[in-house]
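The primary structure of each chain is shown beneath.
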2 protein chains.
Amino acid sequence: MASWANNVRAVLLDVSGVLYDSGGSGGGSAIQGSVDAVNRIRQAGLKLRFCTNESQATRSHFAQKLQRFGFSISKEEVTAPGPAATRLMKEQGLRPHLLVHDDLLPEFESIETSDPNCVLIGDAAENFSYQNVNRAFQVLINLQKPVLISLGKGRYYKETDGLKLDVGAYMKALEYACDIKAEVVGKPSPNFFLSALEEMGAKPEEAVMIGDDIVNDIGGAQSCGIRAVLVRTGKYRPSDEKHPEVTADGYVDNLAHAVDILLASRASNQ
Amino acid sequence: MASWANNVRAVLLDVSGVLYDSGGSGGGSAIQGSVDAVNRIRQAGLKLRFCTNESQATRSHFAQKLQRFGFSISKEEVTAPGPAATRLMKEQGLRPHLLVHDDLLPEFESIETSDPNCVLIGDAAENFSYQNVNRAFQVLINLQKPVLISLGKGRYYKETDGLKLDVGAYMKALEYACDIKAEVVGKPSPNFFLSALEEMGAKPEEAVMIGDDIVNDIGGAQSCGIRAVLVRTGKYRPSDEKHPEVTADGYVDNLAHAVDILLASRASNQ
C-alpha cells in the first residue's frame, strides 16, 4: 500500500490537466475517469478542495464550466488566487488599484478600492492596454512604498488560437519599471495551500495534493508539509519524475488511479 | 588647461538635458548658451554628432524639433538607436517584426520585414496594446532561437501629463515570457558610440562625449575609449560626481562652459 495514501482526510485537486484538458470548441473535456473519481472522493466522506491558479473568471464561472463537463463542484469548493488576494489585502489594510480581467471584478466587490495603496494584477488579457498598464505603473511609482500583488507568475498559456502572455510577463514589466518585487498569490505560494486547508478545517499532515505540475503543485504543497502526488496527465512529462529539486510522494497514471489507491488505503484501515 | 580638451577633433553631444530641457507646452526649451555653443563647435571646424536614445520619432522629426528651439542641426548628424538597429539587422541578416512607435516606422523602410526572424521593440507608447505585445511574443516563441532587439532599456520617462512606461519594461516582459535576454541598441551600448565615430570618421582618442547621464553617457563613452564630460544640467545631481563606478574626465556647468574650455585648448595648440 502506497504510504502517501495513509490517513488522508482531505484532498486538494489541481484542476486543469487533472480534471480536464483545456482547448477545443467547448473549452475542453473531462479526463477519462475523473468525473467518477471526484464522486468517489465525496462518497468516501473525504474533504475536498479544487485548487486553481486561473484568474480570468470568478469562482462561480469557473465552477459552472466544470459542471458543464459533468463534475460535481460548487463555487465554495474552489480555492483560487482572487479570494486569497482578498484575504491578504484585508489582513494588511491594502486598497488595490485593480488590473484584472473584467470577469474577475466581482471577486473583489468586498474590497475598498478608493485611494489605492497597492496594485493587484491578474491575467487581464485584453485589459493589458498601454493605458491600463501605465496607469497601474503610475499608481505604484507614486506610492511611498510600492506594493504589487500578482495572481500567479505564469509566463504564458495555450489557447485554441495560440499562446497568450500570462500575468507573469506584466508582473515583470512593473517590477522592472518600479524596481520592486511583487508578492505572488496562488500556487506555489504556501499561503495558497494553507488557505485551502483552513477552509476545509484540515491539518497539513491530513491532506494530499494531486496535481500535474511538479513545481507549482507538488513542490508548493510539500513546502507546507502536505503530501503530494503527480498525475501522468495534463502537462506531465516523463522527465518530471527525475526533477532535480522536487520528488513527489507518489506517481499515478491519472486521478482515477490516485483515488483507487486512496480508497484502498481507507478500506484497509477500517 | 583641462586635459580632457586636448587634441579633440570630434564632439558627441547628448541632446535632452544638454541642448534642451523637455516639458512644457512647446515640448521644451533650449538650455541657456547651448544654441550658441553648437554654433561655436561648428565654427571651430570640429566634427559633430548628436547622440540620443529617443525612439519615438525618426531622426528627421527629431532634428526638426531641435531646429524649432533654434539649433543648427540636420537629420544626418543625429545618431539614434533606430539606424543603429538597422545596421545591426542588415549585418546579421535579421528581418524584424516591428513593435515601435508609428512615427519611427519610416526609419526601417530599407529593411525586409516579411517572414520575421527577430523582434525589434522601441518606445511604442500607445502601440503597446495587449494584441501587439502578444503578437511580438508569438513571433519570438515560435522562433528556433528567439532574438529580441530593444532600442534602449529605460524604465520610464517624464511627460507633461506624468510618468510613462519606457521600452525597458516591455523588453523585460518579453524576456521573461520567452526566457531570453534582449540585445540592447543605444547608449550605453559600445556599438552605439562606435557607430557615431564611424559616421564622423573619427577615432575614439580624438573624440569627447558631453552628456548629463553619468552611466549611459559618461560610462558608455569611456568603455569605448572616448573621453567624457558631465554637464551640470538636465538630470545631473551633485551625487553624480561621487558615483561609485564612473568618474567623468571632466565636469562643467553646462555645454557653453564645455565649449569655452574646448576652444581655449585648441587656441593654445595653434
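Small disclaimer: the values here were computed from a predicted structure and weren't measured. (Residues numbered from 1 in each chain as written. Chains lettered and ligands numbered in written order. Predicted model: local features only at pLDDT ≥ 70, side-chain atom pairs only at ≥ 80, totals over all residues. Heavy atoms only, no water.)

**Thoughts on the overall build of chain A**
Assigned secondary structure in chain A consists of 8 helices and 14 strands. Every one of the 270 residues in chain A was classed for burial, and the buried ones make up 54%. If you sum the accessible surface of chain A, you get close to 11600 Å²; carbon and sulfur atoms cover 45% of it. Separation of charge centres in chain A, based on 28 positive and 34 negative side chains, amounts to 2 Å. (Helix = DSSP H or I, 4+ residues; strand = E, 2+ residues; numbered from the N terminus. Buried < 20%, exposed > 50% of the residue type's maximum accessible area, 1.4 Å probe, protein only. Areas by Shrake-Rupley, 256 points an atom, 1.4 Å probe, with all protein chains shown as cover. Lys, Arg positive; Asp, Glu negative; His and termini not counted. Charge placed at Lys NZ, Arg CZ, Asp CG, Glu CD.)

**Focus on the relation of the copies chain B and chain A**
Between chain B and chain A, the superposition needs a rotation of 180° and an axial shift of 0.1 Å, giving an RMSD of 0.1 Å. Here the transformation between the copies is reduced to the relation of a two-fold axis. (Least-squares fit on C-alpha atoms with pLDDT ≥ 70 in both.)

**Considering helix α1 (residues 34–43) of chain A**
Residues and elements named next belong to chain A. Within α1 the residues assigned to the buried category are Ser 34, Ala 37, Val 38, Arg 40 and Ile 41. Viewed end-on, α1 has its buried residues packed into an arc of 160°, placing them on one side of the element. Where α1 is buried, its residues touch β1 (10–14), β3 (28–30), β4 (47–51) and α8 (255–269). Gly 45, located one to two residues past α1, shows a positive phi value of around 80°. (Arc of directions from axis to C-beta. Contact = heavy atoms within 4.5 Å.)

**A short note on the sheet that holds strand β8 (residues 148–151) of chain A**
Residue and element names in this part refer to chain A. With parallel pairing, the 4 strands of this open sheet are ordered in space as β6-β7-β8-β11. The open sheet has two edge strands with one neighbour each: β6 (96–99) and β11 (183–185). Across this sheet, the average inter-strand angle for adjacent strands is 20°, counted without regard to direction. Two strands pair when backbone bridges link them, and strand β7 (residues 118–121) and β8 are joined in this way by 3 bridges, in the parallel orientation. Bridged to Val 119 within β8 is Leu 148. Against the sheet, helix α4 (residues 130–141) contacts β6, β7 and β8, and its axis sits at roughly 160° relative to β6. Those strands touched by helix α5 (residues 167–178) are β7, β8 and β11, and its axis lies near 170° from that of β8. (Pairing = 2+ DSSP bridges. Axes fitted to C-alpha atoms, helices over the stretch in contact; angles between N-to-C directions.)

**Description of the pairing of β1(A)**
Among the 5 residues in β1(A), 5 count as buried, and that is most of the element. Neither face of β1(A) is open: one carries Ala10(A), Leu12(A) and Asp14(A), the other Val11(A) and Leu13(A), and all of them are buried.

**With respect to the interface of chain B and chain A**
A common way to express how large an interface is: the accessible area buried when the components associate. In this assembly, 29 residues from chain B lie in contact with 29 residues from chain A. For the pairing of chain B and chain A, the buried interface totals around 2600 Å² over both sides, and the portion due to carbon and sulfur atoms is 62%. Looking at the side of chain B facing chain A, the largest losses of area belong to Tyr130(B), Leu165(B) and Tyr176(B), adding up to 32% of the total buried there. There are 0 salt bridges connecting chain B and chain A. Linking chain B to chain A there are 14 residue pairs in polar contact (both at pLDDT 80 or more). Listing elements by their share of the side of chain B that touches chain A, those giving two or more residues are α4 (130–141), β9 (156–159), β10 (162–165) and α5 (167–178) of chain B. (Buried area = accessible area lost by both parts, 1.4 Å probe. Salt bridge = Lys/Arg side-chain N within 4 Å of Asp/Glu carboxyl O. Polar contact = N/O pair within 3.5 Å; in protein donor to acceptor, adjacent residues only side chain to side chain.)

**Here's the deal with the sheet that holds β4(A)**
Sheets are built from strands paired through backbone hydrogen bonds, the pairs being either parallel or antiparallel. Residue and element names in this part refer to chain A. Strand order in the open sheet formed by 6 strands is β5-β4-β1-β12-β13-β14, with parallel pairing between adjacent strands. The open sheet has two edge strands with one neighbour each: β5 (78–79) and β14 (250–252). The sheet contact formed by strand β13 (residues 227–231) and β14 spans 3 bridges and is parallel. Note on β14: the bridge partner recorded for Val 231 is Val 252.

**Focus on the environment of Arg42(B)**
Residues and elements named next belong to chain B. Relative to the helices and strands, Arg 42 resides in helix α1 (residues 34–43). By relative accessible area, which is 29% here, Arg 42 ends up partly exposed. Taking the C-alpha atoms as reference points, Arg 42 and Ser 72, 30 residues apart in sequence, are found 9.3 Å from one another. In terms of polar contacts, Arg 42 uses its side chain to reach the backbone carbonyl oxygen of Ser 72, at 2.6 Å.

**Observations concerning the nonpolar core**
Among the nonpolar cores identified, the biggest contains 50 residues, and Leu148(A), Tyr170(A), Leu148(B) and Tyr170(B) are the most heavily contacted of them. Broken down by secondary-structure element, the contributors of at least two residues to this core are β7, α4 and α5 of chain A together with β7 (118–121), α4 and α5 of chain B. Of all hydrophobic cores here, the second largest spans 36 residues; its members include Ala10(A), Leu12(A), Val100(A) and Leu230(A). (Core = buried A, V, L, I, M, F, W, Y, C linked by side-chain atoms within 4.5 Å.)

**A closer look at the packing of aromatic side chains**
Enumeration over the complete set of coordinates arrives at 12 aromatic pairs over all chains. With a centroid separation of 6.3 Å and an interplanar angle of 40°, the aromatic rings of Tyr130(A) and Tyr170(B) are classed as tilted. One end of the pair, Tyr130(A), is in helix α4; the other, Tyr170(B), is in helix α5, on a second chain. Each member of the pair Tyr130(A) and Tyr170(B) is classed as buried. A ring pair is formed by Tyr156(A) and Phe137(B), whose centres lie 5.3 Å apart and whose planes are at 45°; its orientation type is tilted. One end of the pair, Tyr156(A), is in strand β9 (residues 156–159); the other, Phe137(B), is in helix α4, on a second chain. A residue is classified by how much of its surface remains accessible, and Phe137(B), at 0% relative accessible area, is buried. Joined through ring pairs, the aromatic side chains of Phe128(A), Tyr170(A) and Tyr130(B) make up one cluster. (Phe/Tyr/Trp six-rings, centres within 6.5 Å; stacked < 30°, edge-to-face > 60°.)

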